[in-house]
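Below, each chain spelled out in residue letters.
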Amino acid sequence: RDGDHRSPEERAFVHAAEYQKKHPNDVVGALELYRDVIDRGGTWAERAESEARGLRSVIGHQIAGVSSRASGLATAGEYREAMKALSDGATRFDGLPGVEALAVEQLQVEKSAVAAAISLVEGARTALKRKAIPDAIEGLEAYTMTGIQAADGLIDRELLRVKSLK
């Protein structure tokens with residue numbers, strides 16, 4: 001730049017800092033800009049590393065928030081919404097430290113959905129023992145598809161089986 005006697009490293013650092021101020025919700029983008037400065041080395045890299053540490057902490061809290069929100073949705077039986085939140089979070093934080101926690105939470109949501117489906121199947125089988133086929137069908141048909149193949153498939157297979165007993 002004409003008249004700008006700063007080093008390329010300093011300009012990159014200032015650009016990252018300005019970006020962070022203008023876009024406070026884009027911590028991932030700001031982190032990438034600071035990483036660029038870190039990769040250049042030198043004294044500006046040390047300052048950028050300090051800023052990056054703070055951003056990584058913020059990202060860790062955001063990842064924990066996504067995980068917590070998904071857990072709450074799953075607890076409320078909102079499995080599809082929980083999985084979407086986790087998927088969106090995994091995309092947003094892809095490649096960043098801590099993102100694996102979202103995969104762990106995804107497994108927990110899937111496990112919870114399957115447990116709920118098993119409970120419905122068990123209820124239907126209890127109704128069948130009473131010869132209450134319509135009650136079994138009604139209970140299974142009340143199920144809301146989750147998008148989780150293991151849970152949805154369990155219900156679909158059991159519903160087909162029960163309907164074949166009519």
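Nothing here was measured: the structure is a model prediction, and the numbers come from that model.

K.L.:
Any chance you could break down the overall build of the protein for me, citing the residues and the numbers?
P.N.:
When you go through the protein residue by residue, the secondary structure sums to seven helices and zero strands. In the protein, the succession of α and β elements from N to C terminus is α-α-α-α-α-α-α. In terms of overall size, the protein is more extended than a compact globule, its C-alpha atoms giving a radius of gyration of 25 Å where 166 residues would be expected to give roughly 15 Å. With respect to the principal axes defined by its C-alpha atoms, the protein has extents near 90 × 25 × 20 Å. Burial statistics for the protein: of 166 residues in total, 33% are counted as buried. Accessible area for the protein stands at about 10100 Å²; split by element, carbon and sulfur atoms hold 52% of it.

K.L.:
Let's hear about helix α3 (residues 43-75): which residues, and what values?
P.N.:
Taking 1.5 Å of rise per residue, 33 residues should cover 48 Å, and α3 covers 49 Å from first to last C-alpha, within 8% of that figure. Residues of α3 that are buried: W44, A45, A48, A52, L55, I59, I63, V66, S67, A70, L73 and A74. Check the buried side of α3 and you find it contacts α1 (8-22), α2 (27-40), α4 (79-92) and α5 (100-129).

K.L.:
Give me the environment of V58: which residues, what numbers.
P.N.:
By the element assignment, V58 lies in helix α3. By relative accessible area, which is 35% here, V58 ends up partly exposed. In the structure, V58 is positioned 30 residues away from V28 in sequence and 9.6 Å away in space, judged by C-alpha atoms.

K.L.:
Describe the nonpolar core, naming the residues involved and giving the relevant values.
P.N.:
In this structure, Y34, I59, F93, L102, V109, L140 and I148 are the most contacted members of the largest nonpolar core, which totals 44 residues. Those elements giving two or more residues to this core turn out to be α1, α2, α3, α4, α5, α6 (133-141) and α7 (149-163). Ranked by residues supplied to this core, first place goes to α3 with ten residues. Residues within four places of V109 in sequence aside, it is in contact with A70, A74, Y79, A82, M83, L86 and I148.

K.L.:
Explain the side chain of E105 to me, using residue names and the numbers behind them.
P.N.:
For E105, the location among the structural elements is in helix α5. The buried charged residue E105 lacks any salt bridge partner; its closest oppositely charged side chain belongs to K111, at an N-O distance of 11 Å.

Calculation notes
- Residues numbered from 1 in each chain as written.
- Predicted model: local features only at pLDDT ≥ 70, side-chain atom pairs only at ≥ 80, totals over all residues.
- Heavy atoms only, no water.
- Helix = DSSP H or I, 4+ residues; strand = E, 2+ residues; numbered from the N terminus.
- Rg over C-alpha atoms; globule rule 2.2 N^0.38 Å.
- Buried < 20%, exposed > 50% of the residue type's maximum accessible area, 1.4 Å probe, protein only.
- Areas by Shrake-Rupley, 256 points an atom, 1.4 Å probe, with all protein chains shown as cover.
- Expected span 1.5 Å × (residues − 1).
- Contact = heavy atoms within 4.5 Å.
- Core = buried A, V, L, I, M, F, W, Y, C linked by side-chain atoms within 4.5 Å.
- Lys, Arg positive; Asp, Glu negative; His and termini not counted.
- Salt bridge = Lys/Arg side-chain N within 4 Å of Asp/Glu carboxyl O.

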